[in-house]
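# Coordinates in review
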Amino acid sequence: MQDAQPKTIYLKDYQVPDYLVDNTDLHFELEPKATLVKSQLKIRRNPEAGKDLPPLLLDGIDLELLSVAIDGSILSQPTYQVTPQGLSISVEKPEFLLEIHNRINPEDNTSLEGLYLSNDMYCTQCEAEGFRKITFYPDRPDVMSKFTTTIVSPKDHPVLLSNGNQIDSGYCEDGRHFATWEDPFVKPAYLFALVAGDLQHVEDTFTTGSGREVKLQIFTEPKNIGKCDHAMRSLKKAMRWDEEMYGREYDLDIFMVVAVDHFNMGAMENKGLNIFNSACVLASPETATDSAFQRIESIVGHEYFHNWSGNRVTCRDWFQLSLKEGFTVFRDAEFSADMNSRAVKRIEDVSLLRTNQFAEDAGPMAHPVRPDSYMEISNFYTLTVYEKGAEVVRMLHTLLGPEGFRKGSDLYFERHDGCAVTCDDFIVAMEDANQINLTQFRHWYSQAGTPVLDVTDDFDQAKGVYSLKISQSCPSTTDQKDKLPLHIPVKIGLLDQSGNDCVLNSKGNTEEVLEITKSDQVFEFSGFQEKPLPSLLRDFSAPVRVRYPYTEKQLIFLMRHDSDTFNRWDASQRLAFLALSKLQKDYRNGRALQLQPELVEAYRDVLSNTALDPALVAEILRLPSEQSIAEMSDLIDAEAIVVAREFAYKSLAEALFPELWAKYSELNAQKPYDPNAKDIAERSLKNTCLTYLAATEKFEALELVQKQFEAAENMTDSAASLSALINYGDMQKSDSAIQDFYQHWKGDTQVVELWLGLQSSSARNGTLNKIKDLMGHPAFEVRNPNKVRAVIGGFANRNFKQFHKEDGSGFRFVAEQVILLDKLNPQIAARLVVPITRWKKYSKNLSEKMKAALQHVLDAGELSPDVFEVVSKSLK
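Structural notes, computed from the coordinates. None of the values given here were measured: they were computed from a predicted structure.

This paragraph deals with the packing of aromatic side chains. Evaluated as defined, the whole model comprises 39 aromatic pairs. Above the face of the Phe 185 ring, Lys 271 is positioned so that its terminal group lies 4.5 Å from the ring centre.

See below:
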């Protein structure tokens, strides 16, 4: 903690490491408050850094140094110096064996970085800079070493795990036991992992394409052993998919996963020993929703895919984070699309991007996919680096085609296996494999902001020529005022008056990818008898905003006829936004609110269209969220947004009541639960209908909700009905349902987290007081990130109405929690403050209160670099 401004680190200042570590031998003697760590490092001067012998600088935080030795000789000061950042050691020869003994306190490590305790389990989280909380080390990703790890522990922690393959185990003379693990592959310190605990595991095997048998193990606390099967199936699917799609085979004899309740992130791809947030790996039909099943499959795939895109080839420095994360998010998105509904997966990903990443691009923390600078690297595990980074990789896939992209990825892995490289190295591999120049495309990595495409069209009836003029621009961001033109792939189709796709070229294609490389470009299409209607940015082929003057009639036409399912959904979103914008304007001007009949009929058509995927119907029926509406607004009037959306939602529910009831009844079939794509789609539409029905607050609708809650045999139906009761039901029945649910599930950590989140996101008045009560409930634990995210994060991120109350109470509450949490877990605190940071875009009253809340945090003093960076940049 500190109150002085943290140092800013710049990409332009990168220098190769002065020293390399060929071998790292670690020895742990585990004790909750006094774990002894002995490290032996085989160090040599980096030939790329020069021939002189500068001091060896090792990173270290919160470590009790016991001794330092070189080649067996104990050092004394001033041969070494302990600094605020770690350890500085004088060096007299280019190669030597360094031995350091230090002590750490896992029990009091509330930051959950380095080695800490989750319940009674020892576990680690070393990305990005957590290893320096374990021992003194050059904690940077371009220092790669072979690790051997010995863990010594009392017998009450029978399972001792680390990276690689186990090579020894046994008992010590004092009754403790030990295990030694060896990882044959070089890795940076951020991929180190250790787990020790009283754990059980499920086990399976996977036979690789070359015939090797790999042991697969998923470890968890004994109470959760029955919730591992879905993760195991997902792992085997991911391993097969990666072999088939990318030719990447697993390289160790064993692959292990451990479920941990206390974890800052979703999961961590440590070589051979993935550590997962319990919420992202444990599932059973009774305890996990459909979305949880799909999320687990995706995250298991993501972490496994990192074995090559992140572990075998890693990033040179943390500015290159998207090299591994953007590429791997793209890979896991494609995996999930192949396993489930491709159309719905794309809609979900783009919804997240537009609502949250576009906001990031327009906010005070805007940064390129490859940032130029940072104060605290933890603040740059962002949607820009991950999701926009994945969209950049997707654009390469679109431009090069599947075969060209595969050639490029094969060359990338072959050329850089065992190396720490840059985003430029990835692009060069794509260029070399396909003999293409991607110089302009590189701007996507260095330029912040969301590009805008302004599209106009013209039709020359006499010549039968239809033309599209596309102009690109990008708004200024806090770090960059002037923007260069980007290389943007825009996939389009043209529809005739019957809704059929038109042929666009001599090859007979009905889709074409237009490559936008200039500020203004015109594209012509010939052979038309009548003016077509453009379907622009199909499959969301680039992370941009498109502005084209669609009329309501044209949007309804696209909703009914567009062959691109993403654009069909997007037309519904644009149509809804037009209606909601009109309602907001009428509310501000004191006019009576009325929902346009055209919107009602368009939704009725979608609901009755049995040819559509039920999951797609559910996505179309859901009105844009308040957060999405806010992001699309030039000036955010939170009250008007809430009033308009609530009015539109209830109006649709009442107008479509018979159709919603009929569709719900049709889909409410009693059958065994299965998280397959078809059944998930049907449950999604069924529960979308149920929520609409509940919004009418009619007696028969709320009775239907209550009936589903009481009869539910899976968590998807149970959670959907409980949410409807919390938001629309009679208060007495709602409170009774909340208590019944808790009493039934209070022994299950993941279900309790869901229970907390459903209450904190309730739009009903009085929610903030209920949240304060929940923070005193036995189920809440401030040191558990999942429970903090469920209660405080659920309120700030998913409760637009109550968080944005005009009195500013929501902002003040979150600010106070950020100050408190910053002393325990700076990473979590910094993420919780983000919803307040976009104060400049809000109407005057809320803007002033949001700014005051931020200033209150800044004035608290003793802030971590994590929170200081976010708050100070936001107030500029």
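A few words on the packing of helix 25 (residues 844-858) against helix 26 (residues 865-874). Between helix 25 and helix 26, whose axes approach to 10 Å, the crossing angle comes to 140°. As the angle between them shows, helix 25 and helix 26 are arranged oblique. You can see that helix 25 and helix 26 cross each other, and the crossing is left-handed. Across the interface between the two elements, Leu 854, Val 857 and Leu 858 from helix 25 touch Val 867, Phe 868, Val 871 and Ser 874 from helix 26. Its residues placed into classes, the contact of helix 25 with helix 26 shows 6 nonpolar, 1 polar and no charged.

Sheets are built from strands paired through backbone hydrogen bonds, the pairs being either parallel or antiparallel. Strand order in the open sheet made by the 4 strands is 29-26-25-31, with mixed pairing throughout. Every other strand in the sheet has two partners, leaving strand 29 (520-526) and strand 31 (545-547) as the edge strands with one partner each. The mean angle between the axes of side-by-side strands here comes to 25°, regardless of whether they run parallel or antiparallel. Here strand 25 (residues 452-460) runs beside strand 26 (residues 465-473); their pairing, made up of 9 bridges, is antiparallel. The residue bridging Asp 458 from the neighbouring strand is Ser 467, located in strand 26.

Our focus in this paragraph is the nonpolar core. Note on soluble globular proteins: their nonpolar side chains tend to be buried together. Ranked by internal contacts, the top residues of the largest apolar core, which has 281 residues, are Ile 89, Leu 98, Phe 426, Phe 525 and Trp 755. Broken down by element, the residue count for this core peaks at 13 residues, all from helix 5 (residues 383-416). In this view, Phe 525 contacts Gly 464, Val 465, Tyr 466, Leu 468, Ile 492, Leu 494, Leu 504, Glu 512 and Leu 514; residues no more than four positions away in its chain are not counted.

For the rest of this paragraph, the subject is helix 16 (residues 699-711). Its 13 residues place the ends of helix 16 18 Å apart at the C-alpha level, agreeing with the 18 Å of an ideal helix rising 1.5 Å per residue. Here helix 16 has its buried residues at Ala 701, Leu 702, Leu 704, Val 705, Gln 706, Gln 708 and Phe 709. Its buried side turned inward, helix 16 meets helix 14 (657-667), helix 15 (677-695), helix 17 (715-728) and helix 18 (731-745).

This paragraph deals with the sheet that holds strand 10 (residues 114-118). The strand order across the open sheet built from 4 strands is 10-11-16-13, with neighbouring strands paired in antiparallel fashion. This sheet does not close on itself; its edge strands, each paired only once, are strand 10 and strand 13 (159-162). Put simply, the sheet's adjacent strands are angled 20° from each other on average, direction ignored. Where strand 10 meets strand 11 (residues 121-125), 5 bridges bridge the pair, whose relative direction is antiparallel. The residue of strand 11 that forms the bridge with Ser 118 is Met 121.

Within the fold, Gly 164 resides in the loop between strand 13 and strand 14 (165-171). Residue Gly 164 is classed as buried on the basis of its relative accessible area of 0%. Apart from the residues lying within four places of it in its own chain, the contact partners of Gly 164 are Trp 181, Glu 182, Asp 183, Leu 252, Ile 254, Met 256 and Lys 271.

Once that is clear, we can look at the pattern of salt bridges. Counted by the stated rule, this structure contains 72 salt bridges. Where Asp 52 meets Arg 45, a salt bridge forms, and the shortest distance between an N and an O atom there is 2.7 Å. On the basis of relative accessible area, Asp 52 is assigned to the partly exposed category, the value being 48%. Classification of Arg 45 as buried rests on a relative accessible area of 9%. Across the pair Arg 604 and Glu 659 runs a salt bridge whose closest N-O atoms are separated by 2.6 Å. Linking Arg 604 in helix 10 (residues 597-608) with Glu 659 in helix 14, this pair joins segments that are 55 residues apart in sequence. What makes Arg 604 partly exposed here is its relative accessible area of 21%.

Two faces make up the sheet, and in a regular strand the side chains alternate between them. Counting buried residues in strand 26 gives 7 out of 9 residues, a clear majority hidden from the surface. Where strand 25 hands over to strand 26, the hairpin turn is made up of 4 residues, of which Gly 464 adopts a positive phi near 70°. In terms of strand pairing, strand 26 meets strand 29 through 7 bridges, oriented antiparallel. Within the sheet, the bridge partner assigned to Val 465 lies in strand 29 and is Ser 526.

Examined against the element boundaries, Ser 467 turns out to sit in strand 26. A residue is classified by how much of its surface remains accessible, and Ser 467, at 14% relative accessible area, is buried. Each residue touching Ser 467, except ones within four places of it in the same chain, is listed here: Thr 456, Asp 457, Asp 458, Val 522, Phe 523 and Glu 524.

Each value, and the rule that gives it
- Residues numbered from 1 in each chain as written.
- Predicted model: local features only at pLDDT ≥ 70, side-chain atom pairs only at ≥ 80, totals over all residues.
- Heavy atoms only, no water.
- Phe/Tyr/Trp six-rings, centres within 6.5 Å; stacked < 30°, edge-to-face > 60°.
- Lys NZ or Arg CZ within 6 Å of the ring centre and 35° of its normal.
- Axes fitted to C-alpha atoms, helices over the stretch in contact; angles between N-to-C directions.
- Helix = DSSP H or I, 4+ residues; strand = E, 2+ residues; numbered from the N terminus.
- Parallel < 35°, antiparallel > 145°, perpendicular 65-115°, else oblique.
- Left-handed = near helix turned anticlockwise from the far one by under 90°.
- Contact = heavy atoms within 4.5 Å.
- Nonpolar A, V, L, I, M, F, W, Y, C, P; charged D, E, K, R; others polar.
- Pairing = 2+ DSSP bridges.
- Core = buried A, V, L, I, M, F, W, Y, C linked by side-chain atoms within 4.5 Å.
- Buried < 20%, exposed > 50% of the residue type's maximum accessible area, 1.4 Å probe, protein only.
- Expected span 1.5 Å × (residues − 1).
- Salt bridge = Lys/Arg side-chain N within 4 Å of Asp/Glu carboxyl O.

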